[in-house]
Each structure stands twice: as structure tokens, then as C-alpha cells.
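In case you want the letters, here they are:
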Amino acid sequence: GNLQITGDSPRNLQLPVATARFLRDALDLPPKRQTIIDGSSDTNDMEMQLKLAAVDGGLQDAEQIDAEGLRHTYLVYLVRQGVRLAELEKVFGKMTSKLLVSYGRFSPMGPGKPLSEVMVDYPLFMS
């Protein structure tokens, strides 16, 4: 249920149960395996695994789905819930101020919320 990310912006993410189950099943990982993603990961292979999971999941235009698109839609999903823009780095790693400000257009009126006060499950995994 944890994803440890190393490199320029190290962080340890607690994955929601449904997300961890989906990734484990889609990537055929043993339940207890600890996966570490760093700069030496085969990004192309990860992209192909993602596309395969999308095809197997019956998603429309599965070949168009990529990590950057999922990252962007997840960022927007969190921001639309009102998460503080500065909190996004806890999930996504270092981001430029310019990029963070650009996501402000998706933010609702009012003060931002801490990450702990928004739904962090990726919408695809909620049912």
C-alpha cells in the first residue's frame, strides 16, 4: 500500500486500498512487493504497462492514455476539491511555482484545504 519514490523529489505515498489493489492486479505484482521508482526505471515499459491496463480495463481510446495525462487529470481532480496548491508537491514532487499557479484556475473560491481533507482516491478506483 506504499509507493516509495526516490530521485530529485523523494517521497513516500500511502496508496488508497483500491488504488494499490488495481496497480497490483494490473501490473501482476505480488501483494507484499515494495516497488521503488527512481530515475533508472524503464519509463517506456511503465507506459506500456499503463496502456495494457487501460486496454484490459476496456477504457475508450486506451492507446491514448499515458502517465502525463493521468498525472494532469489527478492534479485537476485534487485542485477542484480545493486542496492547497502548495500541498500538491507532497503527492507529485517538486513543481515550479508557475505550474502550481496555472492549476489555480481549477481551484474553487475560498481558502485551500490540507491534503488530509480531500478525497485522494483516483476517481477511476471509486465505485
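Definitions and cut-offs
- Residues numbered from 1 in each chain as written.
- Predicted model: local features only at pLDDT ≥ 70, side-chain atom pairs only at ≥ 80, totals over all residues.
- Heavy atoms only, no water.
- Helix = DSSP H or I, 4+ residues; strand = E, 2+ residues; numbered from the N terminus.
- Buried < 20%, exposed > 50% of the residue type's maximum accessible area, 1.4 Å probe, protein only.
- Contact = heavy atoms within 4.5 Å.
- Areas by Shrake-Rupley, 256 points an atom, 1.4 Å probe, with all protein chains shown as cover.
- Core = buried A, V, L, I, M, F, W, Y, C linked by side-chain atoms within 4.5 Å.
- pLDDT = per-residue confidence, 0-100.
- Polar contact = N/O pair within 3.5 Å; in protein donor to acceptor, adjacent residues only side chain to side chain.
- Salt bridge = Lys/Arg side-chain N within 4 Å of Asp/Glu carboxyl O.

A. Examining the overall build of the protein chain more closely. The secondary structure content of the protein chain amounts to five helices and three strands. Evaluated residue by residue, the protein chain yields a buried proportion of 31% over its 127 residues. The contacts of the protein chain with a sequence gap of at least 6 include a subset with a gap of at least 24, amounting to 57%. Carbon and sulfur atoms form 55% of the exposed surface of the protein chain, whose accessible area is close to 8,600 Å².

B. Fine view of the nonpolar core. Of all hydrophobic cores here, the largest spans 17 residues; its most connected members are Tyr74, Leu78, Val83, Leu88 and Phe92. Mapped onto this core, the elements with two or more residues apiece are helix H3 (67–80) and helix H4 (89–92). The biggest single contributor to this core is H3, with six residues. Residues contacting Leu78, with those up to four places away along its chain left out, are Val83, Leu88, Phe92, Val118, Met119 and Val120.

C. Here's a closer look at the confidence of the model for the protein chain. Of all residues in the protein chain, 77% have pLDDT values of 70 or greater, and the mean over the chain is 78. Highest mean pLDDT in the protein chain belongs to helix H5 (residues 97–102) (95); lowest belongs to strand E3 (residues 36–37) (44). This model gives residues 32–40 a pLDDT under 50, and the stretch forms 13 contacts once residues within four places in sequence are excluded.

D. Region of interest: unusual backbone geometry. Positive phi, normally seen in glycine, also occurs at Asp61, with a value near 55°. As for its placement among the helices and strands, Asp61 is situated in the loop between helix H2 (43–56) and H3.

E. The side chain of Gln81, seen in detail. Following the sequence through the fold, Gln81 ends up in the loop between H3 and H4. There is a polar contact of 3.4 Å between the side chain of Gln81 and the backbone oxygen of Tyr77. Setting aside anything within four residues of it in sequence, one finds Gln81 in contact with Pro108, Lys113, Val118 and Met119.

F. Focus on the pattern of salt bridges. Applying the stated rule across the entire model yields three salt bridges. Arg71 serves as the salt-bridge partner of Glu68, at 4.0 Å between the closest nitrogen and oxygen. Taken as a pair, Glu68 and Arg71 lie in helix H3 at a separation of three residues, close to a single helical turn. According to the relative accessible area criterion, Glu68 is partly exposed, its value standing at 49%. Two residues, Arg84 and Glu87, come together in a salt bridge whose shortest N-O distance is 3.7 Å. Residues participating in the shared-partner salt-bridge network are Arg84, Glu87 and Lys90.

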